[in-house]
Amino acid sequence: MNKIIYTAVLAAALLASSMVPAPAAHAADTYTAKVYASSLNVRSEPAAGAGITGILTSGAVVTVTSEQHGWLKVKAGSVSGWVAGYYLKPTSGVSSASAAAASSGSSSTGNIKAASASGSSATVTASSLRIRGGPGTGYETIGSLQAGNAVTVLQRQGEWSRIRAASGVTGWVSSQYLAGGSVKTAGSTAAAGNSNSSSGIKQKSGTIRGKLIIVDPGHGGNDPGMLGTTYGTMEKDLTLQTSLYLRDYLTAKGARVELTRTREDQKPSLSQRVQTGQRLGADAFVSIHYNSSPKKVSGTLTFFYSEQDDLRLARAIETRLLGADTGLKSNGLSYGNYHILRENSIPAALVELGFLSNPVDESIVRKAAYQRKAAQAIAAGLADYFGN
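Residues numbered from 1 in each chain as written. Predicted model: local features only at pLDDT ≥ 70, side-chain atom pairs only at ≥ 80, totals over all residues. Heavy atoms only, no water.

A.B. asks: Report on the sheet that holds strand S18 (residues 284-291), specifying residues and quantitative values.
C.D. replies: Across the sheet, six strands lie side by side as S17-S16-S18-S21-S19-S20; this open sheet has mixed pairing. Here the strands that pair on one side only, and so sit at the sheet edges, are strand S17 (256-259) and strand S20 (330-335). Neighbouring strand axes in the sheet, compared pairwise and without regard to direction, differ in orientation by 20 degrees on average. Bridge count for S18 against strand S21 (residues 348-355) is six bridges, and the pairing is parallel. Within the sheet, the bridge partner assigned to Ser 287 lies in S21 and is Leu 350. Its contacts with the sheet place helix H4 (residues 235-252) against strand S16 (212-217), S17, S18 and S21, and it is angled at close to 145 degrees to S18. (Pairing = 2+ DSSP bridges. Helix = DSSP H or I, 4+ residues; strand = E, 2+ residues; numbered from the N terminus. Axes fitted to C-alpha atoms, helices over the stretch in contact; angles between N-to-C directions. Contact = heavy atoms within 4.5 Å.)

What follows is the structure, given as structure tokens:
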């Protein structure tokens, strides 16, 4: 991570983001991770100002059991609590023997199907596909592919394929986003969409017209999100109304739009929101939120996770917000280790459109005029992203 992004991460850690609180992790969601910081404070709550319950040193291996707005709940021996997710990286979730077998292209278990020694060719159908260090979303991202990229399939394990890219990078990708070879292809929805050829591969046309954009209004249902400290404004109402404006502006530009929720009483899970874009073979994903912080801070903030997939999209949106006459300043870009970004196989950004904890911000963002201007700026940013 370069110095600019590292600085942005430290700044973001001081902000209490308005991400959906993650539910208690199920056993399948538990994984191990390694500390990549010389000294990492373990806190009693998922907040920078919470009490310190312990300290972890570089290289320490912990068990992660839950996630909440960029913080991870961990346990290591007698130490347990919350740490900033940026300083952890997932380790292999399989035994060392299995990991060795996977890296060598063979296995004694029956659920791995090896390809021929030379491998079979396949083509990427997703607009952006992450290459991971192992067969699962819990593994570290080690690269990315784009629609039309050719790969060599070396191995299959369940719904994952071990591939070698033209660049020489070898890793694992979701099989549903590959076509050809001996790999199971995606359904007609994922492979079709905005295809410009009979192969079903999406080609970048340099325009937003015809692109499928997923707009995600944060929170919903019995989760109001953040509550304004002055007027009691509910975040879930603001995110939905802003998203409806954004849908209208995008549609006017010729894009196709799908919302993850369209009503006040709906509350899709984080995984369901992500799966909406993957299921439909979308071209981009934007999550709308409003922020809160115990500190006196103001303005917007745009988050990304992957430098390869998300950063350019986030930068295009932030640039438009920076130049928009909304009445709020832009706080720039920040790395965000959020489920909604981390687990997305398509370019994704999360936009925080003001602090409900700030009386001035809240009074501004409550107004339809602000929501329309913010939505218009985001739509323009998306158009810039596809046009460049």
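Still to come is the rest of the account.
A.B. asks: Got a sec to walk through the pattern of salt bridges? Specific residues and values, please.
C.D. replies: One pass over the full model with this rule turns up eight salt bridges. For Lys 236, the salt bridge is made with Glu 264, and the minimal N-O distance between the two is 2.4 Å. Residue Lys 236 is found in helix H4, and its partner Glu 264 is found in the loop between S17 and helix H5 (270-280); the two are separated by 28 residues along the sequence. Asp 265 serves as the salt-bridge partner of Arg 263, at 2.9 Å between the closest nitrogen and oxygen. Taken together, the salt bridges that share partners define one network made up of Arg 130, Asp 309 and Asp 310. (Salt bridge = Lys/Arg side-chain N within 4 Å of Asp/Glu carboxyl O.)

A.B. asks: Please provide a residue-by-residue account of the packing of aromatic side chains, values included.
C.D. replies: Two measures describe an aromatic ring pair: the distance that separates the ring centres and the angle between the ring planes. A complete count under the given rule lists four aromatic pairs for this structure. Ring centres 5.5 Å apart and planes at 35 degrees place the aromatic pair Tyr 305 and Tyr 335 in the tilted group. Of this pair, Tyr 305 sits in the loop between strand S19 (300-304) and helix H6 (311-323) while Tyr 335 sits in strand S20, and the two are 30 residues apart along the sequence. Judged by centre distance (4.9 Å) and plane angle (75 degrees), the rings of Tyr 385 and Phe 386 are edge-to-face. Across this residue pair, the class does not change: Tyr 385 and Phe 386 are buried. (Phe/Tyr/Trp six-rings, centres within 6.5 Å; stacked < 30°, edge-to-face > 60°. Buried < 20%, exposed > 50% of the residue type's maximum accessible area, 1.4 Å probe, protein only.)

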